[in-house]
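Notes for the structure review
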Amino acid sequence: MKSRIPCSSIITFMVEVNPTDAFTHINLNRSNIYIKDTQTVQQTLTAFRTAGAEHLQVVFDFDRTLTKHSENGVVCDSTHGILEESPLFSPEYRCLGKKLFAKYYPLENDVQLPLDQKVKYMEEWWGISHEYLLKEHLTLQMVSCLVQSSNVKVRDQCQQVLRLLHSVNVPCLVFSAGMDVFIKEVLFQKCGQLPPNITIIANKMVFDEESGHLKGFDPPLIHTFNKNIIGRQFKAAFDPERVNVLLVGDQIGDAAMSDGLPEKEVHHRVLKIGFLNDFEGKNREAYMNAFDIVLEDRESLKFVLDFLKFVLSIN
């Protein structure tokens, strides 16, 4: 039987290295942090810190990872939710979005459901959603207003995390099943101009050059459970020389985002952090099997920020 592993040994280990290390300021004994293999996490952290910024790259999911799942108990919009909650679109479209969510979201989070069935359901969900969106006459000019009027919110400390990675020239890949135009606009409005170290892989929206209306999506379709396959198609987004990879997501499928790492003789170390936002008691064990560190935190990136400060030797 697997249970929550006490993390005090990690704190002791790091204090012995240097009592002033930033990592000692992370309270790993909080009840919302779960680590299955303490020793492996210790070893990986030590390797990351020793290698430094020049050997690190970071892979983030977007919805519910860089953005908040909820704030003060109120669920926040995802990139698809920005559209499905907007009064600028037809009641039929908005109603359909709620029905699709009610049907497919529990399936997405059912850890007992075989992967091939999950893939089938996610293809249905994304396919229907995109098909009906094309009927709503969305224009590129509407995107800024839609984001501004939504309740999508980036997690607390998101801006600091992105600025820190830029300041030390660490590549940051945002790998999402959301829509690229909306991801860019959310980050722009909430965090400012995107720095050059950020690359975004997401469902690519195609707008008509003359009318400005959405006319389709460029393949491939990206959903929660095919990121392992999509990642291999975008190998160029990964830096083969940066052997240490921090991966952060909120769905078990996100744990495969690093599968696109180029296959070379060099050995890549991947440390995976997973936000468990829903079905905590039911899904905790499965998340602990998929991620090295599991956080039950719907609003903040504080742990990730403190983690990066330690790894990068920044006070």
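One structure accompanies this document, and this report is about it. Fair warning: this is a prediction, and the values are worked out from it, not measured in the lab.

Turning next to unusual backbone geometry. The omega torsion of the bond from Pro-219 to Pro-220 falls at 5°, within 30 degrees of zero and hence cis. Take Pro-220: it is sitting in the loop between strand E7 (214-218) and helix H9 (227-233). Backbone geometry places Asn-169, a non-glycine residue, at a positive phi of 60°. By secondary structure assignment, the location of Asn-169 is in the loop between helix H7 (158-167) and strand E5 (172-179). Positive phi is not limited to glycine here, since Phe-279 has a value of about 55°. Here Phe-279 shows up in the loop between strand E9 (269-275) and helix H10 (280-290).

What follows concerns the sheet that holds strand E1 (residues 33-35). Read across the open sheet, the eight strands follow the order E1-E10-E9-E8-E2-E5-E6-E7; overall the sheet is mixed. Looking at the sheet topology across the chains shown, the edges are occupied by E1 and E7. Neighbour-to-neighbour, the strand axes of the sheet open up by a mean angle of 20°, direction not taken into account. With three bridges joining them, strand E2 (residues 56-60) and E5 adopt parallel strand pairing.

With respect to the helices and strands, the residue Cys-191 is situated in helix H8 (residues 180-191). With a relative accessible area of 14%, Cys-191 lands in the buried category. Put simply, Cys-191 and Cys-158 are 33 residues apart on the chain and 7.7 Å apart in space, counted from C-alpha to C-alpha. When sequence neighbours within four positions are dropped, the list of residues in contact with Cys-191 reads Val-154, Cys-158, Gln-159, Leu-162 and Val-186.

It is worth spelling out helix H4 (residues 91-108) at this point. Between its first and last C-alpha atoms H4 spans 25 Å; for 18 residues at 1.5 Å apiece the expected length is 26 Å, and the two agree. Its maximal kink placed at Ala-102, H4 deviates by approximately 30°, while the proline Pro-106 follows within four residues. Of all the positions in H4, only Tyr-93, Leu-96, Gly-97, Leu-100, Tyr-104, Tyr-105 and Glu-108 are classed as buried. Close packing links the buried residues of H4 with helix H3 (79-84) and helix H5 (115-133).

If you look at the biggest cluster of nonpolar residues, it comprises 58 residues, and the most contacted ones within it are Leu-138, Phe-182, Leu-246 and Leu-308. Top contributing element to this core by residue count: helix H11 (residues 302-311), with seven residues. Beyond its immediate sequence surroundings of up to four residues, Phe-182 is in contact with Thr-79, Ile-82, Leu-83, Leu-138, Val-143, Leu-146, Val-147 and Met-205. In this structure, Tyr-34, Leu-173, Ala-177 and Phe-238 belong to the second largest nonpolar core, which totals 27 residues.

Conventions and cut-offs
- Residues numbered from 1 in each chain as written.
- Predicted model: local features only at pLDDT ≥ 70, side-chain atom pairs only at ≥ 80, totals over all residues.
- Heavy atoms only, no water.
- Helix = DSSP H or I, 4+ residues; strand = E, 2+ residues; numbered from the N terminus.
- Pairing = 2+ DSSP bridges.
- Axes fitted to C-alpha atoms, helices over the stretch in contact; angles between N-to-C directions.
- Buried < 20%, exposed > 50% of the residue type's maximum accessible area, 1.4 Å probe, protein only.
- Contact = heavy atoms within 4.5 Å.
- Expected span 1.5 Å × (residues − 1).
- Bend = angle between axes of the 7 residues up to and from the residue.
- Core = buried A, V, L, I, M, F, W, Y, C linked by side-chain atoms within 4.5 Å.

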